[in-house]
Amino acid sequence: MLRWFFAQPLHMRIAIMIAPILAIGGWGMMDLWVTKDQPAPKPEQQIAMLPLQLQGECFLATNQCLLQHDKMKLSMLLKDSGKPGIVRMEIIPDTNIRGIQMSLVQLENEHQIVVESTPDGNLWFAEFPDKLLTPSPSALRIALAKFGSVSFAEIQPHF
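A.B. asks: Residues and numbers for the overall build of the protein, please.
C.D. replies: When helices and strands are counted, the protein shows 2 helices and 11 strands. Written out in order from the N terminus, the α and β elements of the protein read α-α-β-β-β-β-β-β-β-β-β-β-β. The globule rule puts the C-alpha radius of gyration for 159 residues at 15 Å, and the 27 Å found for the protein is more than 25% above it. Taking the principal axes of the C-alpha coordinates as reference, the protein spans close to 85 × 40 × 30 Å. The buried share of the protein, reckoned over its 159 residues, is 31%. In the protein, 52% of the contacts between residues at least 6 apart in sequence involve partners at least 24 apart. Positive and negative charge centroids in the protein, built from 13 and 15 side chains respectively, lie 11 Å apart.

So, in structure tokens, the structure goes:
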């Protein structure tokens, strides 16, 4: 390959060495030229981050866990899953939401929990192994996505 390269005329060898630099530089300059007139996002286009506040204590064993923000309420409770070794947690928001992410923090390890919705979207549920409850989790983290906002909380649940 080197023999072929050095057999080329001088202007061809220079072109072969400069072409990658020009291609990368041209890509960057084109990006700057295309995006220079894009407006900055308006404040109403940005997503609002709304912290949920725990109302009282979170006793999931007795189904008393209520999170609230001035625009939304959320209740969580444990139900029988009907499967051995599986815990079912139901999450009931008072407004329509797009999705939920939840995790349990146990001994400095964070375990992601899959949260699914019923077909009508009014009830969300998570099923996870009961081994995540021993030892008792130190925190439950939850985030709810709505159009234009995300509500979040980190609470200490009592299972």
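Here the narrative resumes, following the displayed structure.
A.B. asks: Give me helix α2 (residues 10–35): which residues, what numbers.
C.D. replies: Given 3.6 residues to a turn, an α-helix orients residues that are three or four positions apart in the same direction. With 26 residues, α2 extends 38 Å from end C-alpha to end C-alpha; this agrees with the ideal 38 Å at 1.5 Å per step. Of all bends in α2, the biggest is about 35°, found at Ile18, and the proline Pro20 comes one to four residues later.

A.B. asks: Give a detailed account of the environment of Cys58, specifying residues and quantitative values.
C.D. replies: Here Cys58 lies in the loop between β2 (53–54) and β3 (66–69). Taking the relative accessible area as the measure of exposure, Cys58 reaches 0% and is therefore buried. Residues Cys58 and Gln8, spaced 50 residues apart in sequence, show a C-alpha to C-alpha distance of 77 Å. When near neighbours in sequence (up to four residues on either side) are disregarded, Cys58 contacts Gln64, Cys65, Ile155, Gln156, Pro157 and His158.

A.B. asks: Can you tell me about the pairing of strand β7 (residues 109–113), naming the residues and giving the values?
C.D. replies: In this sheet, β7 lies alongside strand β6 (residues 99–106) in antiparallel orientation, the contact comprising 5 bridges. Bridging from a neighbouring strand, Val105 pairs with Glu110 of β7.

A.B. asks: An account of the sheet that holds strand β10 (residues 139–146) is requested, with residue identities and associated values reported.
C.D. replies: Across the sheet, 5 strands lie side by side as β1-β11-β10-β6-β7; this open sheet has mixed pairing. Each having just a single partner strand, β1 (48–51) and β7 make up the two edges of the open sheet. Each strand axis lies, on average, 20° off the axis of its neighbour in the sheet, ignoring direction.

A.B. asks: How would you sum up the nonpolar core? Please name residues and give values.
C.D. replies: Met76, Ile91, Met102 and Ile142 are the most contacted members of the largest nonpolar core, which has 27 residues in total. Listing elements by their share of this core, those giving two or more residues are β4 (72–79), β5 (86–93), β6, β9 (124–129), β10 and β11 (149–155). Setting aside its immediate chain neighbours within four residues, Met102 contacts Met89, Ile91, His111, Gln112, Ile113, Val115, Ala126, Leu140, Arg141 and Ile142.

A.B. asks: Give me the lowdown on the packing of aromatic side chains, citing residues and values where you can.
C.D. replies: In this description, a pair of aromatic rings is defined by centroid distance and the angle of the planes. One pass over the structure, following the stated rule, counts 1 aromatic pair. Pairing Phe5 with Phe6 gives two aromatic rings, centres 5.3 Å apart and planes at 75°, and the pair type is edge-to-face. Here the guanidinium or amino end of Arg88 rests over the ring plane of Phe125, the centre of that ring lying 4.2 Å away.

A.B. asks: Which residues make up the pattern of salt bridges, and what values go with them?
C.D. replies: Evaluated as defined, the whole model comprises 6 salt bridges. Between Asp37 and Lys36 there is a salt bridge whose closest N-O contact spans 3.2 Å. Of the two residues, Asp37 and Lys36, both sit in the exposed class. As a salt-bridge pair, Glu154 and Arg141 come within 3.2 Å of each other at their nearest N and O atoms. Here the residue Glu154 occupies a position in strand β11, and Arg141 occupies one in strand β10, the gap between them amounting to 13 residues.

Thresholds, definitions, all that
- Each chain has its residues counted from 1, following the order in which its sequence is written.
- Note on the predicted model: pLDDT of at least 70 is required for a residue's local features to be given, and 80 or more for side-chain atom pairs to be given and counted; whole-chain, interface and lining totals, by contrast, use all residues.
- As a rule here, side-chain values cover all heavy atoms of the structure and leave hydrogens and water aside.
- The numbering of helices and of strands both runs from the N terminus, where a helix is a DSSP run of H or I of at least 4 residues and a strand a run of E of at least 2.
- Both definitions apply: the radius of gyration is a C-alpha atom measure, and the globule rule equals 2.2 Å times residues to the power 0.38.
- The buried label goes to any residue with under 20% of its type's maximum accessible area, the exposed label to any with over 50%, and the partly exposed label to all in between, with areas taken from a 1.4 Å probe on protein chains only.
- Any two residues whose heavy atoms approach within 4.5 Å are treated as being in contact.
- Charge counting follows a simple rule: Lys and Arg are positive, Asp and Glu are negative, and His as well as the terminal groups are ignored.
- Charge positions are represented by NZ for Lys, CZ for Arg, CG for Asp and CD for Glu.
- Multiplying 1.5 Å by the residue count of a helix minus one yields the expected span of that helix.
- The reported bend at a residue is simply the angle between two axes, fitted to the 7 residues ending at it and to the 7 residues beginning with it.
- Two strands pair under a simple rule: DSSP has to find at least two bridges between them.
- Only the stretch in contact is used when a helix axis is fitted, and all axes are lines through C-alpha atoms; the angle between N-to-C directions ranges over 0 to 180 degrees.
- In these notes, a set of buried Ala, Val, Leu, Ile, Met, Phe, Trp, Tyr and Cys residues joined through side-chain atoms within 4.5 Å is what counts as a nonpolar core.
- Here the aromatic set is Phe, Tyr and Trp, taking the six-membered ring for Trp, and pairing holds for ring centres within 6.5 Å; pairs whose planes are under 30 degrees apart are stacked, those over 60 apart are edge-to-face, and all others are tilted.
- Lysine and arginine charges are scored as sitting over a ring when NZ or CZ, respectively, is within 6 Å of the ring centre and within 35 degrees of the ring normal.
- Take a side-chain nitrogen of Lys or Arg and a carboxyl oxygen of Asp or Glu: if they are within 4 Å of each other, that pair is a salt bridge.

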